[in-house]
Amino acid sequence: SDATVRLGLMAIKGDGIAQDTDLGMQYLKKAAYAGNENALYELGNLYETGDGVEKNYTYAFGFYYMGAVKGDRRAQLKTAQYYLAGRGIPQDYSAA
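Everything in this summary refers to the structure shown in the same document. Along each chain, the written sequence defines residue order, and numbers are assigned to residues from 1. Restriction of local features to residues with pLDDT of at least 70 applies here, the model being predicted, together with a cutoff of 80 or more for giving and counting side-chain atom pairs; totals for whole chains, interfaces and linings are based on all residues. Each side-chain value is worked out from all heavy atoms of the structure, with water and hydrogens disregarded.

With respect to the overall build of the protein chain
Then comes step 1: Note on conventions: DSSP H or I runs of at least 4 residues are helices, E runs of at least 2 residues are strands, and numbering of each starts at the N terminus. Along its length, the protein chain carries five helices and zero strands.
Then comes step 2: The secondary structure elements of the protein chain, listed N-terminal to C-terminal, are α-α-α-α-α.
Then comes step 3: Two things to know: the radius of gyration comes from C-alpha atoms, and the globule rule equals 2.2 Å times the number of residues to the power 0.38. For 96 residues, the compact-globule formula gives about 12 Å, and the C-alpha radius of gyration of the protein chain, at 13 Å, lands near that figure.
Then comes step 4: Across its three principal axes, the protein chain shows a C-alpha extent of roughly 45 × 25 × 15 Å.
Then comes step 5: Among the 96 residues that make up the protein chain, the fraction classed as buried is 38%.
Then comes step 6: Residue contacts are defined here by distance: any two heavy atoms, one from each residue, within 4.5 Å place the two residues in contact. In the protein chain, 34% of the contacts between residues at least 6 apart in sequence involve partners at least 24 apart.
Then comes step 7: Counting every atom, the protein chain has about 5,500 Å² of accessible surface; 49% of that belongs to carbon and sulfur.
Then comes step 8: By the counting scheme adopted, Arg and Lys are positive, Glu and Asp are negative, and His together with the chain ends is not counted. Where a charge lies is defined by one atom per residue type, namely NZ (Lys), CZ (Arg), CG (Asp) and CD (Glu). Placing the 10 positive and 11 negative side-chain charges of the protein chain at their respective mean positions leaves the two points 4 Å apart. Buried means the residue's accessible area, taken with a 1.4 Å probe over protein chains only, is under 20% of the maximum for its type, while exposed means over 50%, and partly exposed covers the values in between. Here the open area of atoms and residues is found with the Shrake-Rupley method and a 1.4 Å probe, where only the protein chains shown may cover a residue.

Notes on the side chain of Asn-36
Then comes step 1: With respect to the helices and strands, Asn-36 occurs in the loop between α2 (21–33) and α3 (37–49).
Then comes step 2: Here a polar contact means two N or O atoms within 3.5 Å. Within protein one must be a hydrogen donor candidate and the other an acceptor candidate, and residues neighboring in sequence count only if both atoms are side-chain atoms. At 2.9 Å, the side chain of Asn-36 forms a polar contact with the backbone nitrogen of Asn-38.
Then comes step 3: Non-local contacts of Asn-36, meaning those with residues more than four positions away in its chain, are made with Ser-1, Asp-2, Val-5 and Ala-31.

Spelled out as structure tokens, the structure:
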């Protein structure tokens, strides 16, 4: 749920609760694997920026792609940008 996503982000950033990156990632992944498109986008963003996790463009793309398939417009834009740049995946103009 979106509440689970918010709680996960709060834990990762230490916003209003004690900072706990591992717990925050558990919350986000739980929501993502339940199909929450916002969680998928946020996980992609965390892996893209390296905020609380090791930067990994391949993981970022995977989460963005799953969010895009679910209809998240932010994730659709990020997926297209990754295809155009070949970031973490082979460059593919036709897929972008």
